[in-house]
Amino acid sequence: MPTVVVMDVSLSMTRPVSVEGSEEYQRKHLAVHGLTMLFEHMATNYKLEFTALVVFSSLWELMVPFTRDYNTLQEALSNMDDYDKTCLESALLGVCNIVQQEWGAAIPCQVVLVTDGCLGIGRGSLRHSLATHSQRSDSNRFPLPFPFPSKLYVMCMANLEELQSTDSLDCLERLIDLNNGEGQIFTIDGPLCLKNVQSMFGSLIDLAYTPFHAVLKCGHLTSDVQVFPRPEPFIIDEEIDPIPKAINTDLEIVGFVDIADISSPPVLSRHLVLPIALNREGDEVGPGITDDTEDENSANQIAGKIPNFCVLLHGSLKVEGMVAVVQLGPEWFGMLYSQADSKKKSNLMMSLFEPGPEPLPWLGKMAQLGPISDAKENPYGEDDNKSPFPLQPKNKRSYAQNVTVWIKPSGLQTDVQKILRNARKLPEKTQTFYKELNRLRKAALAFGFLELLKGVADMLERECTLLPDTAHPDAAFQLTHAAQQLKVASTGASEYAAYDHNIAPLQTDFPSSSTERM
Amino acid sequence: MKIFSESHKTVFVVDHCPYMAESCRQHVEFDMLVKNRTQGIIPLAPISKSLWTCSVESSMEYCRIMYDIFPFKKLVNFIVSDSGAHVLNSWTQEDQNLQELMAALAAVGPPNPRADPECCSILHGLVAAVEALCKITEYQHEARTTLMENAERVGNRGRIICITNAKSDSHVRMLEDCVQETIHEHNKLAANSDHLMQIQKCELVLIHTYPVGEESLVSDRPKKELSPVLTSEVHSVRAGRHLATKLNVLVQQHFDLASTTITNIPMKEEQHANTSANYDVELLHHKEAHVDFLKSGDNHVGGNSREGTFKETVTLKWCTPRTNSVELHYCTGAYRISPVDVNSRPSSCLTNFLLNGRSVLLEQPRKSGSKVISHMLSSHGGEIFLHVLSSSRSILEDPPSISEGCGGRVTDYRITDFGEFMRENRLTPFLEPRYKIDGSLEIPLERAKDQLEKHTRYWPMIISQTTIFNMQAVVPLASVIVKEAMTDEDVLNCQKTIYNLVDMERKNDPLPISTVGTRGKGPKRLHAYFLL
């Protein structure tokens, strides 16, 4: 999930903070200190995260577009000027634009708003924005909730007491509410000082930027992995089951499926699965926390030479064109596969299906999937030329079952003409003629459209009179028979108008005519 | 998302009183003469549908679209009302399909115009509808059973769509009052019952329909809250295709549907088989498939439906070349579709093409003129889905290659062997329940996990680590150890093989492989497997 840091650079951020026995700090400095800590953490432990930096006062500016280069972000922090008043609404609108331009509306983003809790005055102040919130039209919609899935973290360079002394906290809380409750407000615990700012940003890191470590298992074959970005907890049904579900830290492979069978399934999110080497203290060596780069390099080299299950799995999935089905929790599954970024680079990826017993209708219930060795005969065939998937649904959909719809006159006309066309080719088309006739009869009975039955009967009788001399004598018999049968059905009398009854061809004795030549 | 919203239960109440046998006064030509035979023949007089026929076919179309897009968990109960209420089906999933409903409607037949109008009333149906809404569905039952002490979280809401011919606005009010009162009474009954549920929310949609050309005696009224439990809206609609259009709009509203028009579909001409023309087909689906357009306000992709039947459709262009099935697209959603005009030739051409197992990528026309592939149509087991493909920048771009990470420098992984392993551990559905020896239900997925556990007890990842697997041709040990149960003969064979190996070691014979392995180590490791 990309991050946008939105930094308040209004004048109020330059308010001094009294720190005992040292030089004078401004709130701005505390903020920069906290952000530096956040960026350092990301550079080492969360380095694939894209981050952008926006500063705002009454105007806003994109200081650093989305990047993984944390040095650039750090530098930008030291190049910020001070401007006029706080105008949060326009800044949030700016965030909307920046994120949508870069990522569209589907990718979740985290917005880290750093402010001092002075929310501006007059037009454009948060108070003003909230006060006019109910009178908005579509054209000047308030930017929250963000049009993309999001978390809004408000980092206040102020403590709770200070915020509560005005209505600032209420306003900020309303802001989170407007974002459908997605987000959180952080305040400084105790006096404003570097240490307390650190602990505030520490809580943000714990909440949103700790790497997700897991163990990938396939029977006895295992590998320690980092899953990036962190899989987010998911709410299945807000009413029945409002508790968000998180995925297990044991990712257990349950079996394998061909790519053609899994067939581009819909997924909630996708993640890189990066093998990591854990040393005895439980620190990771792979993406490295060690300060000494030489140590890191040699550790990396050692790790690179130890066989790892992820690499084996990735290689085989890629060669075979298969995916591994992985269990993420009770009734929650995903798939592992090889994803090529370019011709040379490829990676092990994991996609999460929607939680539930049957995430993909064409695979059926996940619990009902078992090993092929349990089947009487190999469902993939001896030569690997067939597949047990996709599963067929019990009822066919309307477009697969030739339903009758007469809402538009053309639908009705087509059906009548089909009968007519076949009527003119009797007796060759006897079977199709009756098939179409019975289809029309059934629908007319269901819709209570008896007048149509009478009409078609009249039409068949007329056709009978128009038969050319060369016509087979059976044609006249069949037409008369069919017309008569439709007429009795059109009375609606129960003995003739039974839905399940089919009009059968009249049994005639003409040589080689009564059956259709297929 | 809520499973048990108003659209979980829909009750149709269709008026079957004598008046509904009236003609809708919209003619249908059914005797379309074929060109070369027109001379001297007067076509048969056009016919017209009755109000009943219009109501039934429109409601069937509503159900068709709903069942196509939501084959499960969205249920319909169909009630016909005359001198009493006739409930045509139940909430059970087996009863939820068009064939069942059509057969039941045929059994009811059209209204009898000569019946005594005094005996007939739509009220019977409305009362039965409220009764039906109190009945628990199998989904509600299952959810309540699973939630145990939290069973009260399972909601009971529903919608009543009533198609009738009302006499006046006050008649409509009388119907609403009746529904409200009935809900009140039945909620009291339901409170003391285990099989019934109280109605928390009911949406009453009253549709007054009347012959084309007549003045409506009833006025439209938007949704209004009559009580905390009941809301009601009134639609006054001319019969014939107007009624069908209204129900089409309603099904879209009720089930959050949106429309996509696939444009530029190349299709062979019926008359001239060697020419092809481009066609458009309009599909309905859940509106989530448009989430990218909706949120980004990309309204320019919208256009108007061909006949202006409803608000908006998003146009997506058929895209060649087609995709192949072994490509794994990044798909953020897949939604079932239903063609708006299911039997038209372009629609059935498109659906048959897809049902034959082919997929089509769809391209989104953008303002800038750049091409973006945003969707894919594909069928899975006879059902067609509109897949939403991610078209935005990936947050995972430029990841470190797997060869740069842990284990990335190792070059002799047993890739082919593991491929074979994966193929042997593919999954297949077991739809019939199977039981273990102790009589308990066997879960196939657990069997799959057990098998993986067994097959990996001894599975070296790199070639230089294994001696046994490399000797497979000569020494068939590895294939035996994964067997479910060893026969005596197998055990004997293994022992023989191992003695052989030990013997070879003693004699200092080279092992029958070329790689340097730790000689004689195999049998020791294998020891554990003999306990099987």
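Residues numbered from 1 in each chain as written. Chains lettered and ligands numbered in written order. Predicted model: local features only at pLDDT ≥ 70, side-chain atom pairs only at ≥ 80, totals over all residues. Heavy atoms only, no water.

Per an unreviewed UniProt entry, chain B is named INT13 protein, and its organism is Brachypteracias leptosomus. In UniProt, chain B has this text filed under Sequence similarities (unreviewed entry): "Belongs to the Integrator subunit 13 family." (UniProt positions renumbered as here; feature names shortened; annotations may be inferred.)

As recorded by an unreviewed UniProt entry, chain A carries the name Integrator complex subunit 14 and is attributed to Brachypteracias leptosomus. The UniProt entry for chain A carries the following comment under Subcellular location (unreviewed entry): "Nucleus".

> Which residues make up the overall build of chain B, and what values do they have?
When its secondary structure is counted, chain B shows 13 helices and 20 strands. For chain B, long-range pairs separated by at least 24 residues make up 70% of all intrachain contacts whose partners lie at least 6 apart in sequence. As displayed, chain B has an accessible area near 25100 Å², and 51% of this comes from carbon and sulfur atoms. (Helix = DSSP H or I, 4+ residues; strand = E, 2+ residues; numbered from the N terminus. Contact = heavy atoms within 4.5 Å. Areas by Shrake-Rupley, 256 points an atom, 1.4 Å probe, with all protein chains shown as cover.)

> So, the sheet that holds strand β8 (residues 221-225) of chain B: which residues are in play, and what are the values?
Residue and element names in this part refer to chain B. Read across the open sheet, the 7 strands follow the order β5-β4-β1-β6-β7-β9-β8; overall the sheet is mixed. The open sheet is flanked by β5 (85-87) and β8, the only strands paired with a single partner. Ignoring which end each strand starts from, the neighbouring axes of this sheet average 20° apart. When strand β4 (residues 75-81) meets β5, the two strands line up antiparallel, connected through 3 bridges. For Ser-81, the partnering residue across the bridge sits in β5 and is Ala-85. Packing against the sheet, helix α3 (residues 123-134) makes contact with β1 (9-15), β4, β5, β6 (157-164) and β7 (201-210), and its axis sits at approximately 170° to β1. Each of β6, β7, β8 and β9 (230-238) touches helix α5 (residues 169-191); the most contacted strand, β9, lies at about 150° to it. (Pairing = 2+ DSSP bridges. Axes fitted to C-alpha atoms, helices over the stretch in contact; angles between N-to-C directions.)

> Please set out the domain arrangement of chain B residue by residue, giving values where relevant.
Structurally, chain B comprises domain 1 (9-28 + 45-255), domain 2 (261-301 + 311-389), domain 3 (400-462) and domain 4 (466-531). Of note, the centres of domain 1 of chain B and domain 3 of chain B, computed from C-alpha atoms alone, are 52 Å apart. (Domains from an automatic or database assignment.)

> Before we move on, can you summarise the UniProt feature "domain: Integrator complex subunit 14 C-terminal" (unreviewed entry) in chain A with the specific residues and values?
Mapped onto this numbering, the UniProt entry annotates "domain: Integrator complex subunit 14 C-terminal" (unreviewed entry) at residues 404-510 of chain A. Secondary structure across residues 404-510 of chain A comprises 62% helix and 0% strand; the distance between its end C-alpha atoms is 34 Å.

> Run through the side chain of Asn165(B), naming residues and quoting values.
Residue and element names in this part refer to chain B. Mapped onto the fold, Asn-165 is located in the loop between β6 and α5. For Asn-165, a relative accessible area of 17% puts it in the buried group. A distance of 2.7 Å separates a polar atom in the side chain of Asn-165 from the backbone oxygen of Thr-209. With sequence-adjacent residues up to four places away left out, Asn-165 is seen in contact with Asp-15, Tyr-19, Met-20, Leu-51, His-171, His-208, Thr-209 and Tyr-210. (Buried < 20%, exposed > 50% of the residue type's maximum accessible area, 1.4 Å probe, protein only. Polar contact = N/O pair within 3.5 Å; in protein donor to acceptor, adjacent residues only side chain to side chain.)

> Go over the nonpolar core with me, naming the residues and quoting the values.
Counting residues in each nonpolar core, the largest one holds 105 residues, and the members touching the most others are Met7(A), Met155(A), Met157(A), Leu175(A) and Leu204(A). Residue contacts for Leu204(A): discarding those within four places in its chain leaves Leu38(A), Val112(A), Tyr153(A), Met155(A), Phe186(A) and Tyr209(A). In terms of nonpolar packing, the next biggest core, distinct from the first, is built from 100 residues, Leu426(A), Leu445(A), Ala483(A) and Ile262(B) among them. (Core = buried A, V, L, I, M, F, W, Y, C linked by side-chain atoms within 4.5 Å.)

> How would you summarise the sheet that holds strand β5 (residues 60-67) of chain A if you had to cite specific residues and measurements?
All names here are of chain A. Taken together, 6 strands build an open sheet; the order of strands is β5-β4-β1-β6-β7-β8 and the sheet is mixed. Each edge of the open sheet is held by one strand with a lone partner, namely β5 and β8 (183-188). For this sheet, the mean inter-axis angle between neighbouring strands, taken without regard to orientation, is 15°. As paired elements, strand β1 (residues 3-8) and strand β4 (residues 51-56) share 6 bridges and run parallel to each other. Following the sheet pairing, Thr-3 is matched in β4 by Thr-51. Lying on the sheet, helix α1 (residues 27-45) is in contact with β1, β4, β6 (109-115) and β7 (150-159); it crosses β1 at an angle near 165°. Sheet strands touched by helix α3 (residues 88-103): β1, β4, β5 and β6. Its angle to β5, the strand with the most contacts, is close to 30°.

> Please set out the domain arrangement of chain A residue by residue, giving values where relevant.
Once the domains are mapped, chain A shows domain 1 (2-209), domain 2 (212-235 + 246-279 + 296-374) and domain 3 (409-497). Using C-alpha coordinates to define each centre, domain 2 of chain A is positioned 60 Å away from domain 3 of chain A.

> Residues and numbers for the interface of chain A and chain B, please.
Listed by partner, the interface residues are 136 residues for chain A and 127 residues for chain B. Between chain A and chain B, a total of about 11700 Å² is buried, with carbon and sulfur atoms accounting for 62% of that surface. At the boundary of chain A and chain B, one finds 10 salt bridges. Across the pair Arg157(B) and Glu239(A) runs a salt bridge whose closest N-O atoms are separated by 2.6 Å. Inspection of the chain A/chain B interface yields 46 residue pairs in polar contact (both at pLDDT 80 or more). Residue contributions to the side of chain A that touches chain B peak at 11 residues, all from helix α10 (residues 309-320) of chain A. Counted by class, the side of chain A that touches chain B contains 85 nonpolar, 28 polar and 23 charged residues. (Buried area = accessible area lost by both parts, 1.4 Å probe. Salt bridge = Lys/Arg side-chain N within 4 Å of Asp/Glu carboxyl O. Nonpolar A, V, L, I, M, F, W, Y, C, P; charged D, E, K, R; others polar.)

> Go over the pattern of salt bridges, please, and point to the residues and values.
Side-chain pairing between opposite charges can occur once the charged atoms of the two side chains come close. Residues and elements named next belong to chain A. Counted under the stated rule, the structure contains 43 salt bridges over all chains. Between Lys-487 and Asp-458 there is a salt bridge, and its shortest N-O distance comes to 3.4 Å. A residue pair is termed long-range when its members are at least 10 positions apart, and Lys-487 in helix α14 (residues 473-490) and Asp-458 in helix α13 (residues 450-465) qualify at 29 residues.

> Requested: an account of the pairing of strand β11 (residues 276-286) of chain B, with residues and values cited.
Residue and element names in this part refer to chain B. Pairing geometry for strand β10 (residues 257-268) and β11, over 10 bridges, is antiparallel. Its bridge partner being in β11, Thr-261 is matched across the sheet by Glu-282. As paired elements, β11 and strand β14 (residues 331-339) share 3 bridges and run antiparallel to each other. When the bridges of β14 are listed, His-285 appears paired with Ile-337.

> Go over helix α12 (residues 430-446) of chain A, please, and point to the residues and values.
Residue and element names in this part refer to chain A. The end-to-end C-alpha distance of α12 is 24 Å, a good match for the 24 Å that 17 residues give at a rise of 1.5 Å each. Burial of α12 is extensive: 13 of the 17 residues sit out of reach of the surface. Positive backbone phi, at 65°, marks Gly-448, one or two positions downstream of α12. (Expected span 1.5 Å × (residues − 1).)

> Please provide a residue-by-residue account of the packing of α13(A) against α14(A), values included.
Residues and elements named next belong to chain A. Taken N-terminus to C-terminus, the directions of α13 and α14 make an angle of 160°; their axes are 8 Å apart at the nearest point. It follows from the interaxial angle that α13 and α14 lie roughly antiparallel. Once α13 is placed against α14, the crossing between them reads as left-handed. Between α13 and α14, the contacting residues are Leu-450, Leu-453, Lys-454, Val-456, Ala-457, Asp-458, Leu-460, Glu-461, Glu-463 and Cys-464 on the first element and Ala-476, Leu-479, Thr-480, Ala-482, Ala-483, Leu-486, Lys-487, Ala-489 and Ser-490 on the second. (Parallel < 35°, antiparallel > 145°, perpendicular 65-115°, else oblique. Left-handed = near helix turned anticlockwise from the far one by under 90°.)

> Can you explain unusual backbone geometry? Please cite residues and give values.
Put simply, Leu144(A) and Pro145(A) share a cis peptide bond, and its omega is -5°. The step from Phe228(A) to Pro229(A) runs through a cis peptide bond, and the omega angle for that step is -10°. Tracing the backbone shows Pro229(A) in the loop between β10 (221-228) and β11 (250-258). The backbone of Glu331(A) sits at a positive phi, close to 50°, despite the residue not being glycine. Mapped onto the elements, Glu331(A) comes out in the loop between β13 (322-329) and β14 (332-340). Of note in this structure, Asp256(B) is not a glycine but carries a positive phi near 55°. Its place among the elements puts Asp256(B) in the loop between α6 (241-254) and β10.

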